[in-house]
Structure formats: C-alpha cells, structure tokens
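Structure at a glance
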Amino acid sequence: MSQIGNHAFMQKFVELLNSASPKLAVELIAPDAVFNSVITGREHTGPSGYLEILAALKAGFPDVRWELQELVGEGNVVAARFNISGTHLGEFQGIKPGGKEVRISAMNLYRLKSGKVVKEFNQFDNLSLLWQIGVYPPME
C-alpha cells in the first residue's frame, strides 16, 4: 500500500476504534486476523474478535477516544502512535469504576494484506492506566 493509502486506511481505522462499527470492522479486518490483547488478556480472531476488545475497553471507559498522533508505513506494514483518553465509569479488568479521567499512549504495528489488517502488535500503556485509576500508588 502507498503512503497515501496507508494514511487513508488509518483514518478509517481510527474511526473504527472510536465507533466500534461492525460494518467498518468487516471492511478493515480480515476474517482470520489475529489479535493478542492486553485489555482482555487473551487472543481474538477476525472482526468480531476485534470488536470484543473494543467492547471490553468501552465497558470500563464508555467515552474512550483514540487520537492518531503519528503514522509510519511502508508496504504492508503500518506503525501508529495513539493517545487514548477516557473516564473510568465502568468495571475494567476487575477494577471497580472510580470516575477518574485517564490519558495514555499506545504504539501499534499493523500488518495488512489486500487492504485489511491481518495482525496487530500493540504496546498499550496498561501500567500508566492502572496508576491513573489508582490501582498502584503514584510515583514520588
């Protein structure tokens, strides 16, 4: 995919991240795509699996918002840096809601084939998230 194609693809993918649209999931994710999620702690497959990951995040942070900060792509590989924000209003990873607003970062690497994601490698800043919602004491 060209650099312009990668940018256009990621703009649609950010729309998927923020909307959890089943239609966009089918359009952008291959049926056999594999995702290992730090959010759920397990592997998911295909568009429905990716929607499960987004649903788990939205359950804890109903107003979650993904903002694409940076994008680098070459051929069928795209690397993206995101800022993610939301308010802890629901249970997340067994942690009761505390109403705290959070802002974390994520670095994701996507492998594409025929214009669809076939694999995602993610570096979701779960430790910072857990600090912000009060699971760990703040650093001095």
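Everything below is about the structure shown above.
What comes next concerns the included structure. For clarity, every value in this text was computed on a predicted model and none was experimentally measured. (Residues numbered from 1 in each chain as written. Predicted model: local features only at pLDDT ≥ 70, side-chain atom pairs only at ≥ 80, totals over all residues. Heavy atoms only, no water.)

1. Section: empty space enclosed by the protein
Scanning all chains against the criterion turns up two cavities of 30 Å³ or more. Along the walls of the largest cavity sit Ser37, Val38, Ile39, Tyr50, Ile53, Leu54, Trp66, Ala106, Asn108, Glu120, Asn122 and Phe124, which together make up its complete lining. Going through the elements one at a time, helix H3 (46-60), strand S5 (101-113) and strand S6 (116-124) are the ones with two or more residues in the lining of the largest cavity. Here the lining of the largest cavity is composed, by residue class, of eight nonpolar, three polar and one charged. (1 Å grid on protein atoms, 1.4 Å probe; cavity = no way out; pocket = protein on both sides within 12 Å on 5 of 7 lines; lining within 4 Å. Points joined across faces, edges and corners; volume = space filled by probe spheres on them. Helix = DSSP H or I, 4+ residues; strand = E, 2+ residues; numbered from the N terminus. Nonpolar A, V, L, I, M, F, W, Y, C, P; charged D, E, K, R; others polar.)

2. Details of the side chain of Glu120
On the secondary structure map, Glu120 appears in strand S6. Buried and without a salt bridge, Glu120 has Lys119 as its closest oppositely charged side chain, separated by 8.6 Å. Side-chain polar atoms of Glu120 contact the side chain of Asn108, separated by 3.5 Å. Engagement of the side chain of Glu120 in a polar contact is seen with the side chain of Tyr110, the distance being 3.3 Å. Discounting chain neighbours no more than four positions away, the residues touching Glu120 are Val34, Phe35, Tyr50, Asn108, Leu109 and Tyr110. (Buried < 20%, exposed > 50% of the residue type's maximum accessible area, 1.4 Å probe, protein only. Lys, Arg positive; Asp, Glu negative; His and termini not counted. Salt bridge = Lys/Arg side-chain N within 4 Å of Asp/Glu carboxyl O. Polar contact = N/O pair within 3.5 Å; in protein donor to acceptor, adjacent residues only side chain to side chain. Contact = heavy atoms within 4.5 Å.)

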